Amino acid sequence: ALRRGGPGDGYPAVKRILVTGSNGQIGAELVPYLRERYGAENVLATARRRVPGPVSEGGPFEILEVRDGRAFSGLMGSFGVDAVIHLAGVLSARAEADPQGSWDVNAGGCFAALECARERGAAFFFPSSIAAFGPSTPPDGTPQVTIQRPTTIYGVAKVTGELLCDYYHLKYGLDTRGLRFPGLISYEAPPGGGTTDYAVHIYYEAVSQGRYTSYIAPGTFMDMMYMPDALEAVVRLMEAEPSKLVHRNAYNVSAMSFEPGQVAASIRKRIPSFEIDYAVDPVRQAIAASWPRSLDCSAARAEWGFAPKYDLDAMTTDMLEKIQKRGPTAGSGLHF
Ligand code: AKB
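Residues numbered from 1 in each chain as written. Predicted model: local features only at pLDDT ≥ 70, side-chain atom pairs only at ≥ 80, totals over all residues. Heavy atoms only, no water.

Asks: What is the right way to look at the site of the ligand in this model?
Replies: All residues adjacent to the ligand are Leu 91, Ser 92, Ser 129, Ile 130, Tyr 154, Gly 194, Thr 195, Thr 196 and Trp 291. In isolation the ligand offers 250 Å² of accessible surface; the protein chains occlude 93% of this area. Per-class residue counts for the shell around the ligand are four nonpolar, five polar and no charged. (Near = heavy atom within 4 Å. Areas by Shrake-Rupley, 256 points an atom, 1.4 Å probe, with all protein chains shown as cover. Nonpolar A, V, L, I, M, F, W, Y, C, P; charged D, E, K, R; others polar.)

Spelled out as structure tokens, the structure:
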């Protein structure tokens, strides 16, 4: 869908890409990554508000509320969009505090975005999640195709998004593609309101406080991935040969599975005095317990070459280095 150039033409036929939710944890890094790869002028970042920085200043930027179909459709036409990366959404724990409002943004926003993509025949990327699974899903080696009965409103909207993407592909031939993201760890923009966020906060607190109180209980395993691997996965999937994509919406992807004590042990290899204790939040713990412990990603590897590079220790080294360099304030103070 994002593949550049035609066979033998020697010149890249660069796509025009619209990204929603560009100020979020993924968007803040994916927008500069896409601009670098496809040309800044070809990537239109959109978000509900303008935040000074690379997203709004490094290329085209427009304010967009994703449920406003008319405004969305207008931007699709004026920018000549042929690929939509739809990232706007409310994360799992925050969504539980407002199920109705978050359904509206997560499911309604996805539907509005798909409709706009349909009008122009644009390719479409949807970020699903490990949240699309629930307690009745096999938790270890969770298969690509399995039971999906999530018990969070966020998860229900993710399954809905996957099904809508399938429907638009089947009914309208839209080139929809998606990934079931695990917890994503990054240092550029902090996540907000997720269940896996502890695995980001812990690094900031390790640098600023030398200790961390985890809201997730010891022994709770969840799938995770470092942001550089997530960015590469999005581009690999969107550039993949369409005929190879059997499971389009959406692929299991994960680079590691760990529990809080293991992150602490990894941090201790670099900061030996680091300490962890626990004050478990029942809401986020219940969500975590309903998700898989480790995904089977063989379909992603076989169909489009998913190949993450970072394991826990490599990620810890990079996270601590980057946070130490820029100062720990960027990610602290934004805890859910
Ligand atoms: C969350 O915790 O809500 C997200 C996710 C796994 O989708 N990081």
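Following the structure, the description resumes.
Asks: Looking at this model, I keep getting lost on the sheet that holds strand E1 (residues 17–20). Mind explaining?
Replies: In any sheet, the strands associate via hydrogen bonds between backbone groups, in a parallel or an antiparallel arrangement. Strand order in the open sheet formed by seven strands is E3-E2-E1-E4-E5-E7-E11, with parallel pairing between adjacent strands. The sheet terminates laterally at strand E3 (61–63) and strand E11 (251–252), the two strands that pair on one side only. Taken together, the three bridges between strand E2 (residues 43–47) and E3 define a ladder with parallel strand orientation. For Thr 46, the partnering residue across the bridge sits in E3 and is Glu 62. Those strands touched by helix H1 (residues 27–38) are E1, E2 and strand E4 (83–86), and its axis lies near 165 degrees from that of E2. (Pairing = 2+ DSSP bridges. Helix = DSSP H or I, 4+ residues; strand = E, 2+ residues; numbered from the N terminus. Contact = heavy atoms within 4.5 Å. Axes fitted to C-alpha atoms, helices over the stretch in contact; angles between N-to-C directions.)

Asks: Would you mind showing me how to read the confidence of the model for the chain here?
Replies: Caution is warranted with low-pLDDT regions, since their predicted coordinates should not be read in detail. Of the residues in the chain, 93% reach a pLDDT of 70 or more, and the chain-wide mean stands at 93. Contacts from residues 331–336, a stretch scored under 50 in pLDDT, to residues over four places away or in other chains number 12 contacts. (pLDDT = per-residue confidence, 0-100.)

Asks: How do you make sense of helix H7 (residues 198–208) when you look at a structure like this?
Replies: Every α-helix winds through 3.6 residues per turn, so residues three or four apart in the chain are directed the same way. Across the 11 residues of H7, nine count as buried, placing the element largely inside the fold. Among all positions in H7, only Tyr 198, Ala 199, Val 200, His 201, Ile 202, Tyr 203, Tyr 204, Glu 205 and Ala 206 are buried. At the C-terminal side of H7, Gly 210 shows a positive phi close to 75 degrees. (Buried < 20%, exposed > 50% of the residue type's maximum accessible area, 1.4 Å probe, protein only.)

Asks: Is there a simple way to explain the environment of Leu 231 in this structure?
Replies: Checked against the element boundaries, Leu 231 lands in helix H8 (residues 227–239). Among the residues examined, Leu 231 registers a relative accessible area of 6% and is labelled buried. As a C-alpha pair, Leu 231 and Gly 27 span 204 residues in sequence and 9.6 Å in three-dimensional space. With residues near it in sequence (within four places) discarded, Leu 231 still touches Ile 26, Glu 29, Leu 30 and Tyr 33.

Asks: Would you take a moment to explain the pattern of salt bridges for this structure?
Replies: Two side chains with opposite charge may pair up if their charged atoms get near one another. Per the counting criterion, the structure on display carries 17 salt bridges. Between Glu 162 and Arg 180 there is a salt bridge, with the nearest N and O atoms lying 2.8 Å from each other. Linking Glu 162 in helix H6 (residues 153–172) with Arg 180 in strand E7 (residues 176–181), this pair joins segments that are 18 residues apart in sequence. You can call Glu 162 buried: its relative accessible area is 3%. On the basis of relative accessibility, which here comes to 3%, the residue Arg 180 falls in the buried class. Across the pair Asp 318 and Lys 322 runs a salt bridge, and its minimum N-O distance is 3.0 Å. Of this pair, Asp 318 and Lys 322 both sit in helix H12 (residues 312–326), four residues apart, which is roughly one turn of that helix. Looking at Lys 322, the relative accessible area reads 24%, which means it is partly exposed. One salt-bridge network, held together by shared partners, links Glu 65, Arg 67 and Asp 104. (Salt bridge = Lys/Arg side-chain N within 4 Å of Asp/Glu carboxyl O.)

Asks: Explain the side chain of Gln 285 to me, please; I cannot follow it from the model alone.
Replies: Structurally, the position occupied by Gln 285 is in helix H10 (residues 282–290). Ignoring sequence-local partners within four residues, the contact set of Gln 285 consists of Tyr 215, Ile 216, Ala 217, Thr 220 and Val 280.

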